[in-house]
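Remarks on the overall topology
In case you want the letters, here they are:
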Amino acid sequence: MPEIILENVTKRWGKFYAVDNLNLVIEDNAFVTLLGPSGCGKTTTLRMIAGLETPTSGKITIGGVTVFDSEMGINIPANKRHVGFLFQNYALWPNMTVYQNICFGLKNIKEEMATVDYEVKSADTLIKILSKPGEVAQAINECMDKSGVLDTGRAIIKLIDLYEISVYTAKELLSYKLQDTFDVEEKAKQIREKWKADIESAKRKYKDSGCELNDNYEVIKNGQVVKTIRKMTKEEIDLAVRRVSRIVKIGMFMDRYPSELSGGQQQRVAIARTLAPEPTVLFMDEPLSNLDAKLRLEMRSELQRLHIDTGSTFVYVTHDQMEAMTLATKICLIDNGVLNQYDRPLQVYNRPNNLFVADFVGNPAINFMEAKGVQNANGNIALEILKNIKATFIPRENLDIARWIKQQEIEEESKRQTEFEKQKDKKNVEKGNKDSRFRYHIAKVDEDGILEEEKVITYHDFVIGIRPEFIKISEHGSLTGEIYSAMPTGMETTVKIRIGNFLFTGVVFGGVLYEIGQTVKLDFDGKGILLFSRKNGNLISQGALNVE
């Protein structure tokens, strides 16, 4: 499967930048989710890779082949990029059966393909199957109804799935009526001998014309596979349809129409249709958004299995962070057209690059609180939190705040210089939807109070991020709070705890009951507490937070 590389890809309409200078590498066989709020540029990014949208500038490479380059004037159309699409609207033809829907695109493919002798291939397949004729007879007998009448349709589907053959080969196998034969072994032997003779005859004809067949039944001439520009044969189309129907388990629905299927079954048909041409990359744009919650959960599992079974590269657009976390090998988190983080799901969750990423990923959402402090000689940071409570942040790794601040200033200066150089370029178009500092939310009981005058923020102002699982309620906790709300689900209970005017969301595992207004003691437990800079919103460190 191919590697996908995006280099300085930008898409804008006038002064609106949908995607702003995106650099991304999607590895072979990856399952990458493009995640972010509505309008952030996820779908535009996917459409540019797929060839449905033309970038304003940049370069896109798929499997070592440049499919778009603004400087070189290269723009390969979508139908030549060997990619598949699966969208929110399944777009199934209502007047076509499931089989016809899946094979519709295959009938229109016309390209250079190897010349394959499917008669010889089918004959060889039948010889192998008939080496155990008793198994064939038994499989057919299992498709008899209570009256002893054979259900032909069911028998054909069973043979197709059991031996991974086409419908034509299955019908040929059924025509032998092995289930009605007294001496199955003898009849199978006679059929095998006939097919062996036909294969030898075909091989002699190829030899007389200076050709031969390889192990894949492809015609070879002068040591090279003979290729011609042609459409797919009926045998090839049927084998492709049956292959994908086995993957998504819809072989029994081939003769039904979309209106006769459930939402989940229609979803499977849409997936099968997309997989049938064997695309190198599969693009999906919120394909599960039309399904109910239970079915969405089931289909997530199916998509995960499908990714392994097909070995394809998946690029998946969603605004549902739960889908991104459970499906992806990597998450690409975008906001206002700008890439904020590209990492493995647990890395994004445990070590977000900035306040926006921390806030967007996680359910229940992360708790934020502001803090101010300085680093001590021992490397710990003395803080003041929740107005007047003293606390100490103990970094998980060695941290030199002064050096970190210096590095941030260097990077900010570099950005200013880059922006200045852009402004000097007459071709540059100023970004209308300018990037702004993320406004994090601090949960409070009373949020309608008088707004305090904004003070000058420095690098000694921090934001502490605490995931709900790090709030530990115990008898000997350092902080005193009051249960504001409690929502038990059986496996866990989500609680909101009030400390003064501040609210903290915690998750307590197990069937624990709390009463509204109950006084509790709590601590911020674990070494996964996050320390962010309030000045630029970037992550400084992970560590522990001890309250004095």
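Keep in mind that this is a model prediction, so the values were computed, not measured.

Quick look at the overall build of the protein chain now. In terms of helices and strands, the protein chain carries 14 helices and 27 strands. Reported as C-alpha extents along the three principal axes, the dimensions of the protein chain are approximately 95 × 65 × 45 Å. Taking all 548 residues of the protein chain together, 47% fall into the buried category. Counting contacts in the protein chain only where the partners sit at least 6 residues apart, residues at least 24 apart contribute 67% of the total. Looking at the protein chain as shown, the accessible area adds up to about 29,000 Å², and 49% of this sits on carbon and sulfur atoms. Seen as two clouds, the 72 positive and the 76 negative side-chain charges of the protein chain have centres 3 Å apart.

What follows concerns the packing of helix H5 (residues 152-163) against helix H6 (residues 167-175). In a pair of packed helices, the angle between the axes and the distance between the axes together describe the arrangement. In the contact formed by H5 and H6, the axes pass within 9 Å of each other and the chain directions differ by 115°. Read as a crossing pair, H5 and H6 show a hand that is right-handed. Contacts between H5 and H6 involve Thr152, Ala155, Ile156, Leu159, Ile160 and Tyr163 from the first element and Val167, Ala170, Lys171, Leu173 and Leu174 from the second. Taken together, the residues of the contact of H5 with H6 sort by class into nine nonpolar, one polar and one charged.

The feature "domain: ABC transporter" (unreviewed entry), as given by UniProt, occupies residues 4-361 in the numbering adopted here. Taken end to end, residues 4-361 comprises 42% helix and 24% strand; its first and last C-alpha atoms sit 25 Å apart.

Core analysis: the biggest nonpolar cluster contains 46 residues, and Ile385, Phe524 and Leu545 have the highest contact counts within it. Core analysis: the next-biggest nonpolar cluster, separate from the first, contains 39 residues, Tyr90, Ile271, Leu282 and Leu288 among them.

The final tally for this structure, using the stated rule, is 20 salt bridges. With its nearest N and O atoms 3.7 Å apart, the salt bridge here joins Asp320 to Arg300. Of this pair, Asp320 sits in the loop between strand S14 (313-318) and helix H11 (321-327) while Arg300 sits in helix H10 (residues 293-310); the two residues are 20 residues apart in sequence, bridging distant segments of the chain. With its nearest N and O atoms 2.6 Å apart, the salt bridge here joins Asp309 to Arg305. A residue pair is termed a helical-turn pair when its members lie 3 or 4 positions apart in one helix, as Asp309 and Arg305 do in helix H10 at four residues.

Right, let's get into the side chain of Arg81. Tracing the backbone through its elements, the reader meets Arg81 in the loop between strand S6 (74-75) and strand S7 (83-87). Look at Arg81: it is buried, it has no salt bridge, and the nearest opposite charge is Glu53 at 11 Å. Engagement of the side chain of Arg81 in a polar contact is seen with the backbone oxygen of Val67, the distance being 3.3 Å. Residues in contact with Arg81, not counting those within four places in the same chain, are Met48, Ile49, Ala50, Gly51, Ile62, Val67, Phe68, Asn75, Ile76 and Thr280.

Before going further, it helps to spend a moment on helix H9 (residues 263-275). Spacing of three or four residues puts side chains on the same side of an α-helix, whose turn is 3.6 residues. Helix length check: H9, at 13 residues, gives a terminal C-alpha distance of 19 Å against a target of 18 Å (1.5 Å per residue), a fit within 8%. Here H9 lies mainly inside the structure; 10 of its 13 residues are buried. When we look at burial in H9, the residues that qualify are Gly264, Gln265, Gln267, Arg268, Val269, Ala270, Ile271, Ala272, Thr274 and Leu275. Those residues of H9 hidden inside the fold are in contact with S7, helix H2 (98-107), helix H8 (234-248), strand S13 (281-285) and H10.

Cis geometry is found at the peptide bond from Asn363 to Pro364, where omega equals 5°. Considering the arrangement of structural elements, one finds Pro364 in the loop between helix H13 (355-360) and strand S17 (367-375). At Asn222, a residue that is not glycine, the phi angle is positive and equals roughly 55°. With respect to the helices and strands, the residue Asn222 is situated in the loop between strand S10 (219-221) and strand S11 (224-225).

With 15 residues, H8 should cover 21 Å at 1.5 Å per step; its first-to-last C-alpha distance of 21 Å lies within 8% of that length. For H8, a buried count of 11 out of 15 residues is recorded, marking the element as mostly surrounded by other parts of the structure. For H8, the full list of buried residues reads Glu235, Glu236, Ile237, Asp238, Ala240, Val241, Arg242, Val244, Ser245, Ile247 and Val248. Just downstream of H8 lies Lys249, where phi reads positive at about 60°.

This part is about the domain arrangement of the protein chain. Partitioning the protein chain into domains gives domain 1 (4-82 + 279-343), domain 2 (110-231) and domain 3 (365-547). Using C-alpha coordinates to define each centre, domain 2 is positioned 66 Å away from domain 3.

So, how was this worked out
- Residues numbered from 1 in each chain as written.
- Predicted model: local features only at pLDDT ≥ 70, side-chain atom pairs only at ≥ 80, totals over all residues.
- Heavy atoms only, no water.
- Helix = DSSP H or I, 4+ residues; strand = E, 2+ residues; numbered from the N terminus.
- Buried < 20%, exposed > 50% of the residue type's maximum accessible area, 1.4 Å probe, protein only.
- Contact = heavy atoms within 4.5 Å.
- Areas by Shrake-Rupley, 256 points an atom, 1.4 Å probe, with all protein chains shown as cover.
- Lys, Arg positive; Asp, Glu negative; His and termini not counted.
- Charge placed at Lys NZ, Arg CZ, Asp CG, Glu CD.
- Axes fitted to C-alpha atoms, helices over the stretch in contact; angles between N-to-C directions.
- Left-handed = near helix turned anticlockwise from the far one by under 90°.
- Nonpolar A, V, L, I, M, F, W, Y, C, P; charged D, E, K, R; others polar.
- UniProt positions renumbered as here; feature names shortened; annotations may be inferred.
- Core = buried A, V, L, I, M, F, W, Y, C linked by side-chain atoms within 4.5 Å.
- Salt bridge = Lys/Arg side-chain N within 4 Å of Asp/Glu carboxyl O.
- Polar contact = N/O pair within 3.5 Å; in protein donor to acceptor, adjacent residues only side chain to side chain.
- Expected span 1.5 Å × (residues − 1).
- Domains from an automatic or database assignment.

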